Amino acid sequence: MAQRTLIILKPDAVQRHLIGQIVSRFEQKGLKIVAAKFIQIPQDLARRHYAVHEGKPFFEGVVEYLASSPVLVMVLQADGVINMARKLMGKTFGNEAEPGTIRGDFGACRGYNLVHGSDSPESAAFEIGLYFKPEEIVDYTLADEDWLYGSNE
Ligand code: UDP
Ligand code: MG
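Residues numbered from 1 in each chain as written. Chains lettered and ligands numbered in written order. Predicted model: local features only at pLDDT ≥ 70, side-chain atom pairs only at ≥ 80, totals over all residues. Heavy atoms only, no water.

Undergrad: Report on the overall build of the protein chain, specifying residues and quantitative values.
TA: Helix and strand counts for the protein chain come out as 8 helices and 4 strands. What you see in the protein chain, going N to C, is helices and strands ordered as β-α-α-β-α-α-β-α-α-β-α-α. For 153 residues, the compact-globule estimate of 2.2 N^0.38 gives 15 Å, and the protein chain sits close to it at 15 Å. In terms of principal-axis extent, the alpha carbons of the protein chain reach across some 50 × 35 × 25 Å. Considering the protein chain as a whole, with its 153 residues, one finds that 45% of them fall into the buried category. Counting only carbon and sulfur atoms, one obtains 52% of the accessible surface of the protein chain, whose full area is about 8,500 Å². Placing the 16 positive and 20 negative side-chain charges of the protein chain at their respective mean positions leaves the two points 5 Å apart. (Helix = DSSP H or I, 4+ residues; strand = E, 2+ residues; numbered from the N terminus. Rg over C-alpha atoms; globule rule 2.2 N^0.38 Å. Buried < 20%, exposed > 50% of the residue type's maximum accessible area, 1.4 Å probe, protein only. Areas by Shrake-Rupley, 256 points an atom, 1.4 Å probe, with all protein chains shown as cover. Lys, Arg positive; Asp, Glu negative; His and termini not counted. Charge placed at Lys NZ, Arg CZ, Asp CG, Glu CD.)

Now the structure itself:
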């Protein structure tokens, strides 16, 4: 099976009416959406999500941020999707991310940065399990998959 990653359109992306534009970036790249749900993340789930950052100075703030308002949570699937999604997102803070990236095009600060994406296969597996049951992930074939992913190399 192709690789999977967990993407969250964070509270500022939803509040700023950017869901469509941000999802488009991933769609245009050819990354397959295999699961999605619109939820408000409870505080305890936000803490588990960012558990690797527990004890760091920004931990309480980022937990508060993630749980502050609804989000769109998605699983994307493609070979190499973890790195591709991270590149599309750009550097962590909008005020440092390159233009052309999601954070670089839509963000201008450090506090809010629009989008989360898993950073390794291990964190992807852990994070997908936080939000989705196996049966909520839909494996299917896109009609243009041969054209998207090629088979000539
Ligand atoms: N964060 C923050 N201050 C920091 C580092 C991180 O507010 O100095 C927040 C930010 O929202 C970031 C999240 O904590 O997206 C997780 O940090 P990480 O280093 O994993 O960045 P990411 O993987 O999201 O680029
Ligand atoms: Mg991270």
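Undergrad: Would you mind going over unusual backbone geometry in detail, with residue names and values included?
TA: Not every positive phi belongs to a glycine, and His17 is a case in point at roughly 60 degrees. Locating His17 in the fold gives a position in the loop between α1 (11-15) and α2 (19-29). Residue His17 is classed as exposed on the basis of its relative accessible area of 70%.

Nothing here speaks to function; it is geometry throughout.
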